[in-house]
Amino acid sequence: MASSSKAASSSSHTLNLPLESNPPQHKVGIFSALAILGRVFSYIIPIFMVTVSADVIPIPDAFKQWLREPLGLTLCILILFFTSMYQMIVDLTKPKTIREHLDFPERSDAGTVTSKRKQKKRSRKKNRRASSGVRSDEKFNQGVDASEDGHKIGKFFVSNREIDMGSNGILLEGTYDGRRVAVKRLVKACHDVAFKEHLNLSVSDGHPNIVRLYGIESDRDFWYLALERCTCSLNDLIQRSTVSEDQATEVKVRLKGTFPEVKLWTDKGYPSTILVKLMRDVVSGLVHLHKLGMVHRDLKPQNVLILKEGSLCAKLSDLGISKRLVGDKSSLSDHATGCGSSGWQAPEQLLNERQKRAVDMFSLGCVLCYCMTAGGHPFGDRLERDNNIVKGKVDLFLVEHIPEAVDLLSRLLDTDAELRPKASEVLNHPLFWDSDTRLWFLHDVSDRLRLEERKANSDILKALESVSSLAFGSKWNRKMESAFLNHIKKYRRYKYDSVRDLVRVVRNQLNHYLELPLEIQKILGPVNEGFDGYFRSRYPNLLMEVYKVMHQYCREEKGFNKYFKGSVV
């Protein structure tokens, strides 16, 4: 009687459900098929539409145009809607899900309670999971505070602690398969952005200057991307370095203790070795993307992340609106919109014109200027930037003491996209040269000019002497100490209005530095930074003026190819 009463009690609970306890099998089969169909279409249609709009796969133009017409778009939306409705109906009418949710005992096909043998087997499995749960959770949450609120999704542990607010989603702390990561959470409505960012990061993954992607998961409401965990953004780093110690800004408080203070600018206003390295990292990341046929389209200081592993390293991030060039095309399709961020877009983006890799080069010019000027912008204040960009009103007065910067930025920020240099060319620009490279370039130029002296009318020598007024003014001896002038006059006579002779002075003193009197070594400073600094401070335009001439006449020569086309740093 006791057992029968228990069974009756259990049956009464089942009868109270507003659904059939055992619906006809043909209904379950139909709804299951519709559910599968709905799930397939809910994923395939958005991905297919994104793929078509992104020009990832070759599709006939007529078919693309039909899909972009109201009729084609409406048909796709209707299919997605009805299949999703079928899936929702099945989820609401499936009795197993209701029982599991309400924690009722599972029933067999005959409607009886699960056998004791099955219950014992399930109990043993549950106990094994419980005994190993502590160890697995510890591994899963490694790198995250144990008291941190959050939840698991597949290999993810997603914390509720927010790192930053991105352009398309929120960055949260978390782990992925035991690795500490930054979790980018996007709402399901942004499935096209999530898909493209996943695709673009997968293609470019592995390069040291691109943020790594470790995995992707989803639940009912969100997509989750596990990204390489960096320390801060380039924007944060510049802001933190520009405020005084007594200013408790949000950025300074957030970055306190993450890594020691770094010196980004020298006392003379030049970018430090560390900052030059970070700027070069940004260019290197763009070179990699452009080689893959990808256009970033949203390059700005907030989308450059800084990682500290020994030294600082800059990495490009936020590839959600990046696009790939199809085949051997040099520009995006006519339907590419002017995506990007206000104040950092190229004029052709603002005007919705055809976009090429050059849009990234324009944004790069703004980012480099921002770095070198401690937060300055070549197109003025925030509210007037877009208007000045369209009108071409650029102002480089903040970098006018760095001729290499003026030369590069004026070319990168040209309103004519065709005149902007390629990323690979920028990588070898003198702005990124260290002291050693600067000195040895002038040394090699002096050796090359000795061959030109044998010619009656050398075009190179004529071109070089024509820029003497730009390189040093009227006479270069006026900016040297008398003790140094007396020393160099002991060995040969120099023409003080000749670029060739000034370059020769640099070469000769560099070759015989160890033989120089201590007094002269003290004047010049130590090799290489001190020695380079002596001539750079007195003749800041010398290197760039000589570089332009040699680029025009000698860039294809074997001895100079490394300075113009190869990596010299």
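Preceding this paragraph is the structure being described.
Rules and cut-offs
- Residues numbered from 1 in each chain as written.
- Predicted model: local features only at pLDDT ≥ 70, side-chain atom pairs only at ≥ 80, totals over all residues.
- Heavy atoms only, no water.
- Helix = DSSP H or I, 4+ residues; strand = E, 2+ residues; numbered from the N terminus.
- Buried < 20%, exposed > 50% of the residue type's maximum accessible area, 1.4 Å probe, protein only.
- Contact = heavy atoms within 4.5 Å.
- Areas by Shrake-Rupley, 256 points an atom, 1.4 Å probe, with all protein chains shown as cover.
- Expected span 1.5 Å × (residues − 1).
- Pairing = 2+ DSSP bridges.
- Axes fitted to C-alpha atoms, helices over the stretch in contact; angles between N-to-C directions.
- Phe/Tyr/Trp six-rings, centres within 6.5 Å; stacked < 30°, edge-to-face > 60°.
- Lys NZ or Arg CZ within 6 Å of the ring centre and 35° of its normal.
- Core = buried A, V, L, I, M, F, W, Y, C linked by side-chain atoms within 4.5 Å.
- Parallel < 35°, antiparallel > 145°, perpendicular 65-115°, else oblique.
- Left-handed = near helix turned anticlockwise from the far one by under 90°.
- Salt bridge = Lys/Arg side-chain N within 4 Å of Asp/Glu carboxyl O.

Regarding its fold elements, the chain presents 24 helices and 11 strands. Evaluated residue by residue, the chain yields a buried proportion of 45% over its 569 residues. Long-range pairs, those at least 24 residues apart, make up 62% of the contacts in the chain with a sequence separation of at least 6. When the accessible surface of the chain is split by element, carbon and sulfur atoms take 54% of a total near 30700 Å².

On to helix α23 (residues 542-554). Its 13 residues place the ends of α23 17 Å apart at the C-alpha level, agreeing with the 18 Å of an ideal helix rising 1.5 Å per residue. Three or more residues of α23 are buried, namely L542, L543, M544, E545, V546, Y547, V549, M550 and C554.

So, on to the sheet that holds strand β2 (residues 156-165). Pairing between the strands of a sheet is mediated by backbone hydrogen bonds and can be parallel or antiparallel. Strand order in the open sheet formed by 6 strands is β1-β2-β3-β4-β6-β5, with antiparallel pairing between adjacent strands. Looking at which strands have only one partner, the edges of the open sheet turn out to be β1 (150-153) and β5 (213-218). Ignoring which end each strand starts from, the neighbouring axes of this sheet average 35° apart. Bridging between β5 and strand β6 (residues 222-228) involves 5 bridges; their strand directions are antiparallel. Its bridge partner lying in β6, S218 is registered against W223.

Attention now goes to the packing of aromatic side chains. A full pass over the atoms with the stated rule returns 19 aromatic pairs. Taking the centre distance of 5.6 Å and the plane angle of 25° together, the rings of F362 and F379 count as stacked. Separated by 17 residues along the polypeptide, F362 in helix α12 (residues 358-372) and F379 in the loop between α12 and α13 (385-391) bring together distant segments of the chain. Per residue, the accessibility class of F362 equals that of F379, and both read buried. Ring centres of W433 and Y563 lie 5.7 Å apart, and the angle between their planes is 55°; on these two criteria the pair is classed as tilted. Residue W433 is found in the loop between α15 (423-426) and α16 (435-452), and its partner Y563 is found in helix α24 (residues 561-564); the two are separated by 130 residues along the sequence. Like Y563, W433 is buried. Three or more aromatic residues link up through ring pairs in this structure, and these residues are W433, F441, Y547, F560, Y563 and F564. Here the guanidinium or amino end of R492 rests over the ring plane of Y494, the centre of that ring lying 5.6 Å away. Over the ring of Y270 we find R536, and its NZ or CZ is 4.0 Å from the ring centre.

Our next topic: the nonpolar core. One finds L364, L368, L409 and F432 to be the most contacted residues of the largest nonpolar core, which totals 70 residues. Residue contributions to this core peak at 11 residues, all from α12. Leave out the neighbours within four places in its chain, and L409 touches G365, L368, C369, M372, L396 and V399. Y494, L502, L543 and Y563 belong to the second-largest nonpolar core, a separate cluster that totals 43 residues.

Another point: the packing of α16 against α23. One can describe the packing of α16 onto α23 by two numbers: an axis separation of 11 Å at closest approach and a directional angle of 50°. By the angle between their directions, the pair α16 and α23 is classed as oblique. Where α16 crosses over α23, the handedness of that crossing is left-handed. Judged by residue contacts, R438, F441, L442, V445 and R448 of α16 engage L542, L543, V546, Y547, M550 and C554 from α23.

A full pass over the atoms with the stated rule returns 22 salt bridges. Here K184 ties to D318 by a salt bridge, and the two come within 2.5 Å at their closest N and O atoms. With K184 in strand β4 (residues 179-187) and D318 in the loop between β10 (311-316) and β11 (323-324), the pair connects residues that are 134 residues apart, well separated along the chain. Neither K184 nor D318 differs from the other in exposure class; each is buried. Its salt-bridge partner being E481, residue R538 comes within 2.9 Å of it at the nearest N-O pair. Of this pair, R538 sits in helix α22 (residues 529-538) while E481 sits in the loop between α18 (468-472) and α19 (482-488), and the two are 57 residues apart along the sequence. Through salt bridges with shared partners, a single network forms among E404, R438, D532 and R536.

Attention now goes to the environment of S424. On the secondary structure map, S424 appears in helix α15. The exposure class assigned to S424 is partly exposed, which follows from its relative accessible area of 38%. Along the chain, S424 and V287 lie 137 residues apart, while their C-alpha atoms are 5.8 Å from each other.

Right, let's talk about the environment of L542 for a bit. For L542, the position within the fold is in helix α23. With a relative accessible area of 2%, L542 lands in the buried category. Taking the C-alpha atoms as reference points, L542 and A471, 71 residues apart in sequence, are found 4.4 Å from one another. Apart from residues no more than four positions distant in its own chain, L542 is found in contact with L442, A471, V499 and L502.

As a further point, take the pairing of β4. Bridge count for strand β3 (residues 170-176) against β4 is 7 bridges, and the pairing is antiparallel. Pairing of L172 across the sheet is with V183, part of β4. Two successive antiparallel strands, β3 and β4, enclose a turn made up of 2 residues, where D177 displays a positive phi of approximately 55°.

The next thing to look at is unusual backbone geometry. Between V527 and N528 the backbone carries a cis peptide bond, its omega angle lying at 15°. Positionally, N528 belongs in the loop between α21 (518-524) and α22. With a phi close to 55°, N352 is a non-glycine residue in the positive phi region. Positionally, N352 belongs in the loop between α11 (347-350) and α12. For N352, a relative accessible area of 53% gives the class exposed.

Shape descriptors only; they carry no functional weight alone.
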